[in-house]
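Given next are the chains, with one letter for each unit.
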Protein chains: 2
Amino acid sequence: MASNRNLLVLPGDGIGPEVMNEVRKIIAWMGKKRAVGFDITEDLVGGAALDKHGVPLSDDAMKTALEADAVLFGSVGGPKWDTADFSKKPERGLLRLRKEMDLFANLRPAKVFDALVDASSLKPEIVKGLDIMIIRELTSGVYFGEPRGRHVNAAGEVEAFDTQRYTAPEIRRVCAVAFELARKRKNKVLSSEKANVMHTGVLWREEATKLHKEKYSDVKLDHMYADALAMQLLRAPKEFDVIVTDNLFGDILSDEASMLTGSLGLLPSASLGAPDATGRRKALYEPIHGSAPDIAGKGLANPIAQTLSYAMMLRYSFDLGKEADLVETAVENVLKAGYRTGDLLVGKTDGVKKVGTQEMGDAIVKELDRLS
Amino acid sequence: MASNRNLLVLPGDGIGPEVMNEVRKIIAWMGKKRAVGFDITEDLVGGAALDKHGVPLSDDAMKTALEADAVLFGSVGGPKWDTADFSKKPERGLLRLRKEMDLFANLRPAKVFDALVDASSLKPEIVKGLDIMIIRELTSGVYFGEPRGRHVNAAGEVEAFDTQRYTAPEIRRVCAVAFELARKRKNKVLSSEKANVMHTGVLWREEATKLHKEKYSDVKLDHMYADALAMQLLRAPKEFDVIVTDNLFGDILSDEASMLTGSLGLLPSASLGAPDATGRRKALYEPIHGSAPDIAGKGLANPIAQTLSYAMMLRYSFDLGKEADLVETAVENVLKAGYRTGDLLVGKTDGVKKVGTQEMGDAIVKELDRLS
Ligand SMILES: [Mg+2]
Ligand SMILES: [Mg+2]
């Protein structure tokens, strides 16, 4: 089907290709039943690219990614490539994509499906209905700032150093993503830093406040220190909607928030760049789980996180909110009906149907049929 | 009673003086019944010192602290001093103590008492019996490293920066505290950093590993990235015993661990310096809760965190482990018997006796009598 939607699919390594196969079924369903088509290019990334091209992402694939409207990414890595040189590690393929596409806003939803509320280590009343979105700045901060390295200092001691560095525009652009997202959700943003002890935190708070006043005063904005937020995410996570924070704090807090759900195999993510002249942002969508080489090729992997990554793509890259809702509802209903891949078999198992990767994908497509 | 134990008591502001009064009853009991005496000096800190001396800690009090074997600290701050200049804020009193005493190892226990297991937002089976100790490096890292500040960069943008900086000796001395503590506990240490993306993390892991090999190979040592640890603390916190990490990660992870218990009003802390010729470390003990000005002077404050801070002092500054156990057991039994200050009234309240600050202190002393 002809379309103006250029999609690059990069299944990657491990369970990536298997779970991507299930998403292809949903893509096909959307084309046939909802006239939502894509021009799809597929390429290699990670170990698969290394084996064929000697690099974890070819220049050709990089070029295609830069021209695509969205990239749907699987997962990379595995024991076969553990000994690869640093510059050739499978992960470098993903890092190259993030860097050259300038994907500065990492969206990490943490959502608890009613059917899986028992999977959380938190009490059901604390997490039932949880639906928060953490936005992590992804291309600056202490993981990238210069100078960084080690030397022998004046006292003759070995000393290592890293620099946390943020410019006002870097802070503003990621906060803008948060405010815009909040408008489509519960219209509130929590900005988090350590303005009490870090200069970057002071600037972060200032710029978030200024931008809010200038352009987003209809959204509710609050601020919280990152350590206090680490506590409040445990005590009362449902008080939050959109949270925006820097690369370092986002790294930790988004993982903490993920674990609130108890089921990492369900969680998608999006990484967005700056909007172009038409308002469309470069974007990459991927599950937060890894390539799980231990179960790869066995038909055991859970395709839901990859499926929900595709749903995020529909919503954020193509403004197909209804279709995204449809996919998310189908997943929710399939879980409610008791379908479970192995990773979800925790707690009560009565009324549960243990299924493999393909059966889970088929169940989702069947539910899409039933819903429409 | 004559003793070689010089103790500086700094009750501070807000509820500090009230909860310290209850600890004085226990100190008196220990002197009378167990011949554990102290030479006690008392002084002002925080807003109280500001009111009297115009500074949040007088030079005299600082001198006394440097000469004392231990400092028992209450809490500082309140609305009365919120408008004080930065250099005169009540918190500066505590920061001066930490800095001049060079208290580089912050010990933050997170312990769940059986009687209060329901206070946690986590499921009882996840946190029942939890007893972990997080050791946070307190005097270096990104909150202190130079250069720090802001400027306009070459592109004309406002840019803020902070420097995370660690020397090998700074890492080794705090890891040594962790290994030594582990030997008195379950003999295992988890060291946490982000060696995958930070140069300071790489040095941290190297030095922890070297020190372990040189002097502490009888202790089990593991490493975990700080973001993974933020997850595992939620999933299976009881797998950990002693955790050692840097100032920034420790700030966040120790607060997350505290909240696992659900009752911050119970949690003590210790901050230790380098050992002197006799092996004794400079040390300050304080509850993790603040001065709670909203309930100050009303007899509502919970004296348990201050009491357990005193117990930590017995254990770590004076090697009085049996006496520390006695105090901790008395607290545990009083909670088991249903005594609750207002902050602990969560969840089920049948069989519970609501008490004020003094009744709680008296109940602990009475239980000490019963136990001995
Ligand atoms: Mg992370
Ligand atoms: Mg903290």
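What you see is a predicted model, and the numbers here were worked out from it, not measured in a lab.

A. Region of interest: the coordination of the magnesium ion (ligand 1). Distances from the magnesium ion (ligand 1) to its protein donors, namely A:Asp251 (OD), A:Asp255 (OD) and B:Asp227 (OD), fall within the range 1.9 to 2.3 Å. Here A:Asp251 pairs with A:Asp255, and both are found in helix α9 (residues 247-261), just four residues apart, close to one helical turn. The exposure class assigned to A:Asp251 is buried, which follows from its relative accessible area of 4%.

B. View of the relation of the copies chain B and chain A. Mapping chain B onto chain A calls for a screw motion: a turn of 180 degrees about the axis and a shift of 0.0 Å along it, with 0.0 Å RMSD after fitting. Classification of the inter-copy transformation places it as that of a two-fold axis. Across chain B, the rotation axis passes nearest the C-alpha of B:Leu122, at a separation of 2.0 Å. An overlap of 100% is found between the interface residues of chain B and their copies at the interface of chain A, pointing to a shared contact surface.

C. Geometry of the sheet that holds strand β6 (residues 145-152) of chain B. Read from one edge of the open sheet, four strands run β6(A)-β7(A)-β7(B)-β6(B), paired in antiparallel fashion. The open sheet terminates on both sides in strands that have one partner only, identified here as β6 (145-152) of chain A together with β6 of chain B. Averaged over all pairs of adjacent strands, the angle between strand axes in this sheet comes to 10 degrees, irrespective of strand direction. The pairing of β6(A) with strand β7 (residues 158-167) of chain A spans five bridges and is classified as antiparallel. Looking at the pairing, A:Arg150 lines up with A:Ala160 of β7(A). Contacts from helix α6 (residues 168-183) of chain B reach β7 of chain A together with β7 (158-167) of chain B, with the element oriented near 60 degrees to β7(B).

D. Highlighting the packing of aromatic side chains. For the structure on display, the rule yields eight aromatic pairs over all chains. Ring geometry for B:Phe38 and B:Tyr310: centres 6.5 Å apart, planes at 65 degrees, overall edge-to-face. On the criterion of sequence distance, the pair formed by B:Phe38 in the loop between α1 (16-34) and β2 (39-42) and B:Tyr310 in helix α10 (residues 304-318) is long-range, its members being 272 residues apart. For B:Tyr310, a relative accessible area of 0% puts it in the buried group. For the ring pair B:Phe38 and B:Phe318, a centre distance of 5.4 Å and an interplane angle of 70 degrees mean the geometry is edge-to-face. In this pair, B:Phe38 sits in the loop between α1 and β2 while B:Phe318 sits in helix α10, placing the two residues 280 residues apart along the sequence. The same class applies to B:Phe38 and to B:Phe318, which are both buried. Ring pairs connect the aromatic residues A:Phe38, A:Tyr310 and A:Phe318, which therefore count as one cluster. Over the face of the ring belonging to A:Phe38 we find A:Arg5, whose NZ or CZ atom lies 5.9 Å from the ring centre.

How each quantity is defined
- Here the residue numbers are simple positions, counted from 1 along each chain's written sequence.
- Going through the entries in the order they are written, you letter the chains from A and number the ligands from 1.
- This being a predicted model, a pLDDT of at least 70 is required before a residue's local features are given, and a value of 80 or more before pairs of side-chain atoms are given or counted; all residues contribute to the totals for chains, interfaces and linings.
- With hydrogens and water set aside, each side-chain value is computed from the structure's full complement of heavy atoms.
- For Na, K and Ca the donor cutoff is 3.2 Å, while for all other metals N, O and S atoms count as donors only within 2.8 Å; water does not appear among the atoms, so some sites may look incomplete.
- We count a stretch as a helix when DSSP gives it H or I for four or more residues in a row; a strand needs E for two or more, and each element gets its number in order from the N terminus.
- Exposure classes here rest on a 1.4 Å probe applied to the protein chains alone. A residue is buried below 20% of its type maximum, exposed above 50%, and partly exposed in between.
- Alignment of copies: least-squares fit on C-alpha atoms of residues with pLDDT of at least 70 in both copies.
- Contact criterion: two residues are considered in contact whenever any of their non-hydrogen atoms come within 4.5 Å of each other.
- At least two bridges found by DSSP between two strands is the condition for calling them paired.
- Fitted lines through C-alpha atoms give the axes, limited to the stretch in contact for helices. The angle between two N-to-C directions lies from 0 to 180 degrees.
- A pair of aromatic rings is counted whenever rings of Phe, Tyr or Trp (Trp by its six-membered ring) have centres within 6.5 Å, and the orientation is called stacked for planes under 30 degrees apart, edge-to-face for over 60 and tilted otherwise.
- In this scheme, Lys NZ or Arg CZ marks a charge over a ring once it lies within 6 Å of the ring centre and within 35 degrees of the ring normal.

Read these as spatial facts, not as claims about activity.
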